[in-house]
Amino acid sequence: MLRNFFKVALRNIIRQKSYVFINIAGLAIGIASSIVIILFVVNELSYDKFNAKHKQIYRVYLDGKIGESEIKGAWTASPTAKALKNEIPEVIEAVRMDNWDEAILKIEDRSYVEQHFMLADSAFFEIFSIPLIQGDPKTALAAPHNLVLTRSAAKKYFGNEDPIGKHIYVNSDTTFYSVTGIMEDVPDNAHFEFNVLGSFATHHRANDGQWLSNSFNTYLLLRDDASYSDVETKIKPILEKYIGPQLQQAIGVSVEEWLSAGNRYGLYLQPLDDIHLNPEIQHSLKPSNDIKYVYIFSVVALLIIVVAIINYMNLATARSIKRAKEVGLRKVTGSSKGQLIGLFLFESVILSFLSLILALVLVHLTLPLVNQITRLNLSFDLFSNWIILPGLLFLTILIGIIAGSYPSFVLSSFKPVSVISGLYKGSRKSLLRSVLVVFQFCISVIIILGTIIIYRQINYMLNKDLGFDKEQLMVIKRAGALGNYNKIKIFQEEIGKYPGVLASTNSTAVPGHPNNNNGFMIDGRSASDQTVLMNVNWVDYDFLDTYGMKMKEGRFLSKEFPSDSISVIINESAVRKFGFASPLSERFVQPAETPEERIKLNIIGVVENFHYQSLHEDIYPHVFIRKPESWNWGGYVTVRLAPGDIKTTIRNIEKTWKDFAPSDPIQYVFMDEDFENMYREEIRTSNISLGFAVLSILIACLGLFGLTSYASEQRTKEIGIRKVLGSAVSGVIVLLTREIFLLVSIATLLAWPVTYLIMKNWLQNFHYRISLSVWEFLLSFVLAIMIAMLTVIYRAYIAARSNPAVALKYE
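Residues numbered from 1 in each chain as written. Predicted model: local features only at pLDDT ≥ 70, side-chain atom pairs only at ≥ 80, totals over all residues. Heavy atoms only, no water.

## Points about the packing of aromatic side chains
All told, the structure shown has 32 aromatic pairs when counted by the stated rule. With a centroid separation of 5.9 Å and an interplanar angle of 35°, the aromatic rings of Y61 and Y268 are classed as tilted. Here the residue Y61 occupies a position in strand β1 (residues 57-66), and Y268 occupies one in strand β11 (residues 264-271), the gap between them amounting to 207 residues. Centre to centre, the rings of Y112 and Y157 are 4.8 Å apart; their planes meet at 65°, and the pair counts as edge-to-face. You can see Y112 sitting in strand β4 (residues 110-120) and its partner Y157 sitting in helix α5 (residues 151-158), a full 45 residues away along the chain. Assessed through its relative accessible area of 2%, Y157 is described here as buried. Put simply, the rings of F468, F543, Y547, F556, F610, Y612, F624 and F675 touch in pairs and so form one group of aromatic residues. Geometry around F561 places R555 over its ring, the cationic atom sitting 3.7 Å from the centre. (Phe/Tyr/Trp six-rings, centres within 6.5 Å; stacked < 30°, edge-to-face > 60°. Helix = DSSP H or I, 4+ residues; strand = E, 2+ residues; numbered from the N terminus. Buried < 20%, exposed > 50% of the residue type's maximum accessible area, 1.4 Å probe, protein only. Lys NZ or Arg CZ within 6 Å of the ring centre and 35° of its normal.)

Next up, the structure:
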């Protein structure tokens, strides 16, 4: 029986020709979209799942409030790991990690820029399940100046040589590092990335006891039977024990007094598998995504499948009159209703499998482009996991059954007498068909309108006035490679001789790359009342002019005033947050171990607010302090380039750098490109949304084309009569398209409030955001109508131009 079903179903499919192609194309696009989204979702949810060795791994994060400033990030003090391991029985192991981003590696006479360099304690290999190929996991990172290379890094730097025991100089460190181990590459689905892992014992703060400076990532491995909430409870007294004396020493108040003034300071635990999809906790490793994007894209993929299924239902029910006589004859010859339902469902499942084959081809061909657009590294292998193939087969059968269910019941319900005698003419208009078209285009309009709003927000972020001029700003990293403060100044003077260099400045931070927040007291207020956090940037005299910032009041740092060594400039946000009525008469007090060592800093100017980080965040209180000449902390050199022959200017700067630091490659970025990278998650979202919008519209248009073709075919005789009676081509086109115009208009009106609620919620992620206007809603309506009309008008035009004589012989 199954064999007969297959033969009959295949014969029926072949007979339907173009309608079969439309159905297969629509379902294939829907299935291919679902496969890609499933790959994306699996990729996001699989982050840090490679750590199969242990289940109880947590990252420590700081959640606090200092003055009016809230802070929530994975930053801890250097002694945190050791104290928690020694004093909490549930903690088996603890590891500190510090991300250095780029580093210069010098091997013999060769220099390399290593983009991903990190430091970690020796417990790293005990906590994380990344195998060590060569070396002892217990000792590889135990001593200062030890290095472990990934397999790829070892191949890159040493070729086929054995790297163990080889020497590498890192940055300007005069002591070489020894390679003590080779490890497997860090998995793509880890929340951190590095190619070279140095021993944390090398860090100059590895053994300091300063609890008030939080700069490092700390991870804990707990016993399998431990409760992390119990561990969090035990952390509180440890913090008070160590922070209390240092707080009293720095600002002269006890922990109790400080907390009673409304401040807050606590360490908490974040499960490892929560890190990648929780952007609320800031950190300095791989950017986190948001779990809601996983939900949104999953729903969108489901909706695209629904659109494809609706296509099938619409076309199958619309063509029911063509198959009415077949149904009647089968019933007369003894076929039951159940057998007919089974036959039509079997046809639908066969079409679904043909769609799956086409979908797999589409995924194979388009996945490289998808990876390029979305900046992901998705891969698809049918046999990489035992569940993939059965899952796809189940999904295909399910889609086939759902798509064919309603048409099967409609077709099998025809009465044999009516259809054989010719009394059954079918229905040109179907309420269900109209509802399905409306629902189909409603989904498409939601995706179109959402994409328009996302693009507007991204365009707003990329083009908003940041409070400084980010164009033609070349930011040179690792200025310390030039030498001390004086050598950096000489370098600036040398490059300043080039006509393409308008200005330059040296600072410890630049927009997008801030220093840590530092605590200050306000002179004249009690420390318990007002300890404030500010983002500090130590700068030279030319910072303001190089960045094109503007003073609100007062002045910037100047060589003409020797007292500026103890003067500061703050931004408008600091004035507002700290309640300064007359900021130029206020002073900050820098905490120190004794009252005598505390320095009073005079506020001499207020700079207009500028965006130092992405527009997700509010503008934070900011303070500029003159960079001491005795410092060896190079920081950055920012160069303002003149428009014109920028390439020549860059070559000149590179040449001068080589004269000053011949063994250190120059590393630089352009400020505008660097800022754009802050929004890569939003740009990726917009690209994915645009792709979904195109796919959903394509599927809907395939359906509309099929429905219009069938409506034209069904009304061939009517069209012929109208033309004989003098109807113009335009009149026939209006006849065939007005219903589609009405249905798409209804769909758009229904989509608007849904999209408004969704996008209003999405925009809440940005502190600085666009306001939704009526224009993008009208644009979505115009686009939907244009796309729908362009799809159906061509088919309507062909029908309208047909020969009336041929049409009157039809039927």
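## Some words on α5
Those residues of α5 lying buried are A153, A154, Y157 and F158. Angularly, the buried residues of α5 cover 100° about the axis, an arc narrow enough to put them on a single face. Packed against the buried residues of α5 are β3 (91-107), β4, β6 (146-150), β7 (167-170), β8 (177-183) and β9 (196-199). (Arc of directions from axis to C-beta. Contact = heavy atoms within 4.5 Å.)

## Considerations on the nonpolar core
Counting residues in hydrophobic clusters, the biggest one holds 108 residues, and the most contacted among them are F468, Y547, M549 and F624. Sequence-distant contacts of F624, defined by excluding residues within four places in its chain, comprise N537, V539, F543, M549, F556, S567, V568, I569, V607 and F610. (Core = buried A, V, L, I, M, F, W, Y, C linked by side-chain atoms within 4.5 Å.)

## Details of a nonpolar patch on the surface
Residues L354, I357, L358, V361 and L365 make up a contiguous nonpolar surface patch of about 440 Å² in total accessible area. Mapped onto the elements, I357 comes out in helix α10 (residues 337-374). (Patch = residues over 30% accessible without salt bridge, like charges linked within 9 Å, V, L, I, M, F, W, Y side chains within 5 Å. Areas by Shrake-Rupley, 256 points an atom, 1.4 Å probe, with all protein chains shown as cover. Salt bridge = Lys/Arg side-chain N within 4 Å of Asp/Glu carboxyl O.)

## Observations regarding the pattern of salt bridges
All chains considered together, the criterion is met by 24 salt bridges. With its nearest N and O atoms 3.4 Å apart, the salt bridge here joins D469 to R640. One end of the pair, D469, is in the loop between α13 (431-463) and β12 (473-476); the other, R640, is in strand β21 (residues 636-641), and 171 residues separate them in sequence. The class for R640 is buried, based on a relative accessible area of 10%. One network of salt bridges, in which partners are shared, links D63, E70 and R264.

## So, helix α14 (residues 485-495)
Within α14 the residues assigned to the buried category are Y485, I488, K489, F491, Q492 and I495. The arc enclosing the buried residues of α14, seen along the axis, measures out at 155°, which places them on a common side. Each element contacted by the buried residues of α14 is listed here: β12, β13 (501-507), β21 and α17 (646-660). Here α14 starts with a cap whose side-chain oxygen sits 3.2 Å from the backbone nitrogen of N486, and that cap is N484. (Polar contact = N/O pair within 3.5 Å; in protein donor to acceptor, adjacent residues only side chain to side chain.)

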